[in-house]
Amino acid sequence: MKVDLRKTLFILPNLFTLSSVLCGYYAILILSERQTSDDCYRAALLLIVALCFDGSDGRVARLTKTQSQIGVQLDSLADVISFGVATAVLVYHWSLSELGTAGMLVGFVFVAAGAIRLARFNVVSTEDDGQPHTPGKYIQGLPIPAAAGILISIVVANHLTGKLPFTPIIISALVIMLSVFMVSAMPFRSFKDLRLNWRTVLLISTALCVTVWIAVKVHPSMALVWLLAAYVIIGIVESLIALMNKARDGIAKAGQPPL
């Protein structure tokens, strides 16, 4: 029996995606048994591993030229499980449970926003024949791995550094803010078609320098919190710059005399 090695390559990126699902599934199992600080920490570490797998599957698919429609759909389903449901369960048991039903609803808002964002991404990222688009410079809405990564890294940093000043109310506000960013039309960099210019170099260099400073002067675990937060901040800053440029162009056009 002759094996088509080209076809077997399509399995490789999907294995990375399913590994992310496994980490999310195992994290949920840990939190379903006990919900101590150590359990939340273990679950958070599993979800960080899931983030690594999620960041690798697309690159593996592009390197092996095995992008496929099923890969796009599977990746989104995996993200809902690991970075939607599992992350919401983690944050609920770590902090939001103190708010009772309100905390449960806040966690659900995060899951729902993530699912909506991924459904929209699947629609706009595929051609009419179902084949995936070539990734662009920007993507619409905050990616759910980035939103989940901020929450997960806070749990890890809290465990390693001691009690951080994050009350359930603050965490609720953060979860809702991230949910709004996910379903918004705000453009965020994909870093898949990165073209260096002075603004890009300045933003990335500043973020990395501050990350190193935080890792050395504060705590290494806080560096991940800042790095992911910086990604969101860069998206907000670039959106504000684009809005100001648009408003300036509109004022300039309004001031031109009619032909």
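This one's a predicted model, so the numbers in the text were calculated from it and none came from an experiment.

> Would you take a moment to explain the environment of V49 for this structure?
Along the chain, the position of V49 falls in helix α3 (residues 37–63). On the basis of relative accessibility, which here comes to 37%, the residue V49 falls in the partly exposed class. For the pair V49 and S20, spaced 29 residues apart in the sequence, the C-alpha separation amounts to 7.4 Å.

> Just checking my understanding: could you explain the packing of aromatic side chains for this structure?
Any two aromatic rings considered together are summarised by their centre-to-centre distance and by the angle between their planes. A complete count under the given rule lists 2 aromatic pairs for this structure. Here the aromatic rings of F16 and F53 are separated by 6.1 Å at their centres, their planes lie at 65°, and the arrangement is edge-to-face. Of this pair, F16 sits in helix α2 (residues 11–33) while F53 sits in helix α3, and the two are 37 residues apart along the sequence. What makes F16 partly exposed here is its relative accessible area of 25%. Assessed through its relative accessible area of 27%, F53 is described here as partly exposed.

> Is there a simple way to explain the packing of helix α5 (residues 101–124) against helix α6 (residues 144–161) in this structure?
A pair of packed helices can be characterised by two numbers: the angle between their axes and the separation between those axes. Direction vectors running N to C along α5 and α6 enclose 155°, while the axes themselves pass 10 Å from each other. When the axes of α5 and α6 are compared, the pair comes out roughly antiparallel. Here F110, G114, R117 and L118 of α5 come into contact with α6, specifically with I144, A147, A148 and L151. Looking at the contact of α5 with α6, its residues break down into 6 nonpolar, 1 polar and 1 charged.

> Would you mind going over α5 with me for this structure?
For an α-helix, the turn length of 3.6 residues means that residues three or four places apart are oriented alike. Helix length check: α5 (24 residues) gives 35 Å between terminal C-alpha atoms against 34 Å at 1.5 Å per residue, within 8%. Listed as buried for α5 are G103, V106, G107, F110, V111, A113, G114, R117, L118 and N122. Where α5 is buried, its residues contact α4 (69–94), β1 (138–140), α6 and α7 (168–183).

> Can you help me understand the side chain of R189 in this one?
Residue position: R189 is located in strand β2 (residues 187–189). Separated by 2.6 Å, the side chains of R189 and E238 make a polar contact.

> Quick question: what am I supposed to make of the environment of P168 here?
Structurally, P168 can be placed in helix α7. On the accessibility criterion, P168 (15% relative accessible area) is buried. It is 9.3 Å that separates the C-alpha atoms of P168 and Y92, two residues lying 76 residues apart in sequence.

> Would you take a moment to explain the state of the cysteines for this structure?
By definition, a disulfide links the sulfur atoms of two cysteines through a covalent bond. Applying the stated criterion to the full structure yields 0 disulfides. Sulfur of C23: no disulfide; nearest cysteine sulfur belongs to C52 and is 9.0 Å away. When its relative accessible area of 51% is taken as the criterion, C52 is described as exposed.

> How should a nonpolar patch on the surface be read in this particular structure?
Together, I11, L12, L15 and L18 line one region of the surface with nonpolar side chains, adding up to about 340 Å² of accessible area. Inspection of the secondary structure assignment puts I11 in helix α2. Taking relative accessible area as the criterion, I11 reaches 47% and is therefore assigned partly exposed.

> Looking at this structure, I do not really get the confidence of the model for the protein chain. What am I missing?
Segments scoring low in pLDDT should not have their predicted coordinates read at a detailed level. Of the residues in the protein chain, 86% reach a pLDDT of 70 or more, and the chain-wide mean stands at 85. At the low end of the mean pLDDT range in the protein chain sits helix α1 (residues 5–8), at 62; at the high end sits α7, at 96.

> For this particular structure, what's the right way to read the pattern of salt bridges?
It is possible for side chains bearing opposite charge to pair when their charged atoms get close. Considering all chains together, one arrives at 3 salt bridges under this definition. Ionic pairing is found between R34 and D39, a salt bridge with its closest N-O pair at 3.4 Å. The exposure class assigned to D39 is buried, which follows from its relative accessible area of 2%. R42 is paired through a salt bridge with D39; the nearest N and O atoms lie 3.3 Å apart. A residue pair is termed a helical-turn pair when its members lie 3 or 4 positions apart in one helix, as R42 and D39 do in helix α3 at 3 residues. The exposure class assigned to R42 is partly exposed, which follows from its relative accessible area of 37%. A single network of salt bridges, built from pairs that share partners, joins R34, D39 and R42.

Rules used throughout
- Residues numbered from 1 in each chain as written.
- Predicted model: local features only at pLDDT ≥ 70, side-chain atom pairs only at ≥ 80, totals over all residues.
- Heavy atoms only, no water.
- Helix = DSSP H or I, 4+ residues; strand = E, 2+ residues; numbered from the N terminus.
- Buried < 20%, exposed > 50% of the residue type's maximum accessible area, 1.4 Å probe, protein only.
- Phe/Tyr/Trp six-rings, centres within 6.5 Å; stacked < 30°, edge-to-face > 60°.
- Axes fitted to C-alpha atoms, helices over the stretch in contact; angles between N-to-C directions.
- Parallel < 35°, antiparallel > 145°, perpendicular 65-115°, else oblique.
- Contact = heavy atoms within 4.5 Å.
- Nonpolar A, V, L, I, M, F, W, Y, C, P; charged D, E, K, R; others polar.
- Expected span 1.5 Å × (residues − 1).
- Polar contact = N/O pair within 3.5 Å; in protein donor to acceptor, adjacent residues only side chain to side chain.
- Disulfide = S-S within 2.5 Å.
- Patch = residues over 30% accessible without salt bridge, like charges linked within 9 Å, V, L, I, M, F, W, Y side chains within 5 Å.
- Areas by Shrake-Rupley, 256 points an atom, 1.4 Å probe, with all protein chains shown as cover.
- Salt bridge = Lys/Arg side-chain N within 4 Å of Asp/Glu carboxyl O.
- pLDDT = per-residue confidence, 0-100.

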